[in-house]
Amino acid sequence: MGTALQHVDVGHHSYTPFFNWRSYASAIPGREDCGPCLGGTGHDMPTEVFRASMSYVTGSHNFKVGVNGRWATEQHEQSRLASNAWPIRLLFFGLNPATGVPADLGGGLVGYVSQYATPKASLQESFDLGFYAQDQWTIDRLTLNLGVRYDRINGWVPAQTAPTGRWTARNPDGTPLATERIDNLPNFQDITPRLGIAYDLRGDGRTAIKATLGKYVMPVGSAIAEAVNPLENVRSFTNRLWFDFDQNLIPNCDLDNFSDQTGFLGGSTFGGECGPILHPQFGTATRTLSFAPGLLEGWGNRQYQWQTSVSIQHELTDNWSIEAGWYRTQYGNFLVGDDLNVTPDDFVEFSIAAPPGSEALGLTPGERIGGLYTKTAEALARPENFLVQSADVHGDMGQKYNGFDVNFDGRFDNGLTLGGGLSTGSRSFNECFVVDSPMRARPGFCEQSEPWGPLTQFKVNGSVPLPYDTQVSFVFQSLGGQPWISQYRAGGAVSDEVLIDGQPGAIPSGTETILLSPSGRGVNSLNTNSLNKVPYGTQFYFQASDLYEPRLNQLDLRFAKIFNAGNARIRGWVDLFNVFNANSVTSIGSSFNPLNYPEVTAVMGGRMIKVGAQFDF
């Protein structure tokens, strides 16, 4: 037996500030448009990391304990090169292609004045700490891998003050916006178990049954602190219409006056050239979310996943083996965003006619797609006020993956090797409860599963030795086709024939994004990681579809030969990619276009030959 200090590491990692000064060509010969004044962004993320572990080894035990930690500081900056007196940029609606001078569009209408509340800076910090203990324990033909881990993540917003600028964020008394230290963003603690079992079924080392069970917490870092930090959430940009009445290409208006100065866009001032700013929250903190009490603190509140597997591995002969296994991942501790200024009563039901071209999805153009909901005009006029809560407050929410793998590997006596396998699985999602919109619990939307076929993959590879130091190898793969994701902007076309509560009307928001499908369910897209503006602990992106492109089948070959010359050796090869010259679709646009659906945005590269060599001496 023995004890050994395995390793102790301490390190420092830092992403140095990077300022991306973008230079724009001047829209007016001899005149700057202030593009270089505004394009600077910087990120400084110094990180201190450490880890250490110690092992204790005996005949039947291999025990190990360890610790790891990380201090991280994340600083964001948006700056410019010009002085604070001129943080603007001029945008023109049109240019004369011959002269590069803004075109005369009539009435002196030129474009926009873009104003920036820069410089802008924010800072957030976090500390991760983990302790673990594990033991590999062998009992006759049974091997146990036992482990447990303690994790803690603590994030916070340090006290900080916004930098000074012409339109930068300020308090009501005119002083620069400041925030006191905000703690526990979050302050999570978790103890997670890990278990692995391997059993030699017949005692000859040729057949083994394996199983694993483990809980893993989701990484957080400083994402929550960033979402809460008022200085991170300052609206730093706005446009305003610019009417160049005297056509001198200079915005003659008081840029510190954010209201209309033309006299015909709702303002009482006449003679100016600038309309009102288009973003009323310009230069102010726009954070409109908060977290439910206790949600960001305590034990077991962090999002997590349980991973389970059961497999069997068998050696068929001395050179051949096969393994089959079942794998499952289940997610928990979901979050939802509840707009406190909106209730289910603030939604109206509407329907549209299936648009032209939707027969590609199995719909009949003109048939009604109902059961859709949108906010009323009154609700749209209210400011957002999101409270992030546990999904358990509203109902059961589930997300899981089940999959099966079969793999083989072997070698013939003549040197031919062959390996590969089949992998298939399905993801499912359940969110059948109402937070704000009644459509959230709509049948066919709140509970969806992906079909097994498109997620099924088959891959095989091998190599064949030939005389004269020559070898041929190949890789073949068959992958599921791309899904037909069909988002449609309902209400934007005359043919939509919108009915509000069964009567002709217009969608208060102008348009609504719905999802067309062969079942005609027509619902908002499922996106489980949005959490209504909270970039925190996300799961995978999920969007179900019933139609898929044909499978992608690809065969690649390599011909290699070795040439020996004394103590030197040259290895040359010829690669042939996509032997069948297949043009399978690899990317599809998500927007519904009746004239071009599905909209293919990328296909496999064509057949290609590549020649290479390696010289060793």
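Anything mentioned here points back to the structure above.
(A) Representation of empty space enclosed by the protein within the structure. For the structure shown, the criterion picks out 2 cavities of 30 Å³ or more. As a volume, the largest cavity reaches approximately 50 Å³. Around the largest cavity, the lining residues are Ala 117, Pro 119, Lys 120, Ala 121, Ala 162, Pro 163, Thr 168, Ala 169, Leu 231 and Val 234. A class-by-class count of the residues in the lining of the largest cavity yields 8 nonpolar, 1 polar and 1 charged.

(B) Fine view of the sheet that holds strand 15 (residues 289–291). With respect to topology, 3 strands assemble into an open sheet ordered 15-22-19, the strand pairing being mixed. One side of each edge strand has no neighbouring strand; the edge strands of this open sheet are strand 15 and strand 19 (335–339). Between one strand and the next, the sheet's axes are offset by a mean angle of 30°, whatever the strand orientation. Note: strand 19 against strand 22 (residues 386–390), 5 bridges, orientation antiparallel. Each bridged residue has a counterpart across the sheet, and for Val 336 the counterpart in strand 22 is Gln 389.

(C) A look at the environment of Thr 456. By the secondary structure assignment, Thr 456 is in the loop between strand 25 (447–449) and strand 26 (457–466). Its relative accessible area of 18% is what places Thr 456 among the buried residues. C-alpha separation for the pair Thr 456 and Thr 424, spaced 32 residues apart in sequence, amounts to 4.0 Å. Not counting residues within four places of it along the chain, the set of residues in contact with Thr 456 comprises Leu 422, Ser 423, Thr 424, Ser 478, Leu 479, Gly 480 and Arg 551.

(D) Quick peek at the sheet that holds strand 29 (residues 499–500). Pairing in this open sheet of 4 strands is antiparallel, and the strands run 21-20-29-30 from one edge to the other. Of all the strands in the sheet, the pair left with one neighbour each is strand 21 (368–375) and strand 30 (503–504). Where strand 20 (residues 347–353) lies against strand 29, 2 bridges are found, and the strand directions are antiparallel. Bridge pairing links Phe 350 to Ile 500 in strand 29.

(E) How the structure looks around the state of the cysteines. Applying the stated criterion across every chain yields a total of 1 disulfide. Disulfide pairing is shown between Cys 253 and Cys 274; the S-S distance is 2.0 Å. Of the two residues, Cys 253 sits in the loop between strand 13 (237–243) and strand 14 (274–277) while Cys 274 sits in strand 14, which places them 21 residues apart along the sequence. Take Cys 253 and Cys 274: they sit in the same class, and that class is buried.

Thresholds applied
- Residues numbered from 1 in each chain as written.
- Predicted model: local features only at pLDDT ≥ 70, side-chain atom pairs only at ≥ 80, totals over all residues.
- Heavy atoms only, no water.
- 1 Å grid on protein atoms, 1.4 Å probe; cavity = no way out; pocket = protein on both sides within 12 Å on 5 of 7 lines; lining within 4 Å.
- Points joined across faces, edges and corners; volume = space filled by probe spheres on them.
- Nonpolar A, V, L, I, M, F, W, Y, C, P; charged D, E, K, R; others polar.
- Pairing = 2+ DSSP bridges.
- Helix = DSSP H or I, 4+ residues; strand = E, 2+ residues; numbered from the N terminus.
- Axes fitted to C-alpha atoms, helices over the stretch in contact; angles between N-to-C directions.
- Buried < 20%, exposed > 50% of the residue type's maximum accessible area, 1.4 Å probe, protein only.
- Contact = heavy atoms within 4.5 Å.
- Disulfide = S-S within 2.5 Å.

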